[in-house]
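Architecture and fold: a report
Residues per chain are reported as follows:
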Amino acid sequence: PRAQQRGAGAARPRARPPLWGAGGGARPAGRRIGAGGEAGGAGAGARARCGGADAMDAPRSVEEVFEDFSARRGGLIKALTSDVDAFYAQCDPEKDNLCLYGFPDATWEVQLPADEVPPELPEPALGINFARDGMQKKDWLALVAVHSDAWLMAVAFYYGAKFDKTERDKLFKAINQLPTVYETLSGKTAKSGGSKKKPSAGGSKKPVAGEKRPRDDEEATKVAGFPKPSAGRLLSPEDSYSDLQGRKVELYWPDDGMWYRAEIVSVNNRSRSAKVVYVTGDVENMTLDDIAADGHMNVLNEGRGGAVGGRPAVPVGKGG
């Protein structure tokens, strides 16, 4: 369709160099949607597809590519869940071929595909709007989710084109710890317990300098899990995540209905994700928005005055 619009004799747009090389450029203006589902002005979508002013902002390390993947994934999940009404309305079958984009700032956009040939980045599925009214809504959203997962992988490994075998394996393992967009949309992860591995009683946490080692019976109790959370506050999507690093938490596991003790060792505000270490020594990377929305993280009162996101901690008694 774009070739027809340009006409048979129209000049072909100049191809841009890949983002991991020299050059770069800005995407055409369009409607940019944030967490609240409100559209930005024409200039809101005028940033480069890599999320910055030029190719120098493109992610280059495994960690940077994973952050980019996580943030784009977050934007797509918003489009298909909390912002689904706005997304559905924008995918009018009467419009031209439309694509769903996720961006490195966790926003999303429904937009015409790029005119560059080849495109600056791998493009999402083309024409998602055409099938909207010909399918059940949930089936259509699931189809968009599957295509979105494929696009996320394509972008991640496009950025990682120069990674060696070890780096590619590291990137894939990091990505594979997160539920796919389709799994999140369908609830498959919550029903099956996902691919998360339950903290094992046989694990052991490496001692930290100056840390008091708990008694064996206390350690065994923490490893075994709790049927109800301790005194603390359930993490909310409205809370600020910036002060969570170093906090003691309890995480709820739907497969057995138990809460398990852990500590948040790092927080990535850009991708809104965190790395936690259970008392057994098991490590898990998680998306905080998903955990908070499900009410599956209890931030304990101990440490840092017991406040979360500027709110006082209060006892909770959720059993699952």
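Structural data are supplied above this passage.
Our subject in this report is the structure included herewith.

Criteria and thresholds
- Residues numbered from 1 in each chain as written.
- Predicted model: local features only at pLDDT ≥ 70, side-chain atom pairs only at ≥ 80, totals over all residues.
- Heavy atoms only, no water.
- Pairing = 2+ DSSP bridges.
- Helix = DSSP H or I, 4+ residues; strand = E, 2+ residues; numbered from the N terminus.
- Axes fitted to C-alpha atoms, helices over the stretch in contact; angles between N-to-C directions.
- Core = buried A, V, L, I, M, F, W, Y, C linked by side-chain atoms within 4.5 Å.
- Buried < 20%, exposed > 50% of the residue type's maximum accessible area, 1.4 Å probe, protein only.
- Contact = heavy atoms within 4.5 Å.
- Parallel < 35°, antiparallel > 145°, perpendicular 65-115°, else oblique.
- Left-handed = near helix turned anticlockwise from the far one by under 90°.
- Nonpolar A, V, L, I, M, F, W, Y, C, P; charged D, E, K, R; others polar.
- Phe/Tyr/Trp six-rings, centres within 6.5 Å; stacked < 30°, edge-to-face > 60°.
- Lys NZ or Arg CZ within 6 Å of the ring centre and 35° of its normal.

A word on the sheet that holds strand E5 (residues 258–268)
Pairing is antiparallel in the open sheet, where six strands are placed in the order E3-E8-E4-E5-E6-E7. Each having just a single partner strand, strand E3 (232–234) and strand E7 (283–287) make up the two edges of the open sheet. Direction aside, the axes of adjacent strands within the sheet are offset by 35° on average.

A closer look at the nonpolar core
Within the largest apolar cluster, 37 residues are counted, with the highest numbers of intra-cluster contacts made by Leu-80, Phe-87, Leu-100, Val-110, Val-144, Tyr-159 and Leu-171. Of all elements in the fold, only helix H2 (62–80), helix H3 (84–90), strand E1 (99–102), strand E2 (108–111), helix H4 (137–159) and helix H5 (165–176) reach the threshold of two or more residues within this core. The biggest single contributor to this core is H4, with ten residues. The contacts of Leu-171, once residues within four sequence positions are left out, are Val-62, Val-65, Phe-66, Ala-156, Phe-157 and Phe-163. Ala-262, Ile-264, Ala-274 and Tyr-278 belong to the second largest nonpolar core, which has 19 residues in total.

A look at the packing of H2 against H5
Where H2 contacts H5, the two axes come as close as 10 Å, and the packing angle between them is 30°. Judged by the inter-axis angle, H2 sits roughly parallel to H5. As for the relative orientation of H2 and H5, their crossing is right-handed in sense. Residue-level inspection shows Val-62, Glu-63, Val-65, Phe-66 and Phe-69 of H2 in contact with H5, the latter providing Glu-167, Lys-170, Leu-171, Ala-174 and Ile-175. For the contact of H2 with H5, the residue count by class is seven nonpolar, no polar and three charged.

Comments concerning unusual backbone geometry
Glycine aside, residues mostly have negative phi angles, and peptide bonds mostly take the trans form. Although it is not a glycine, Ala-106 adopts a positive phi angle of roughly 65°. Summarising the element assignment, Ala-106 is placed in the loop between E1 and E2. Since its relative accessible area comes to 9%, Ala-106 is described here as buried. One non-glycine residue, Arg-272, lies in positive phi territory at about 55°. Here Arg-272 is to be found in the loop between E5 and strand E6 (273–278). Taking relative accessible area as the criterion, Arg-272 reaches 27% and is therefore assigned partly exposed.

Here's the deal with the packing of aromatic side chains
Applying the stated criterion across every chain yields a total of nine aromatic pairs. Between Phe-87 and Trp-140, the ring centres sit 5.4 Å apart and the planes meet at 15°, which makes this aromatic pair stacked. Of the two residues, Phe-87 sits in helix H3 while Trp-140 sits in helix H4, which places them 53 residues apart along the sequence. Under the relative-accessibility criterion, Trp-140 is labelled buried at 1%. Across from the ring centre of Tyr-88, 4.5 Å away, lies the NZ or CZ of Arg-132, which sits over that ring.

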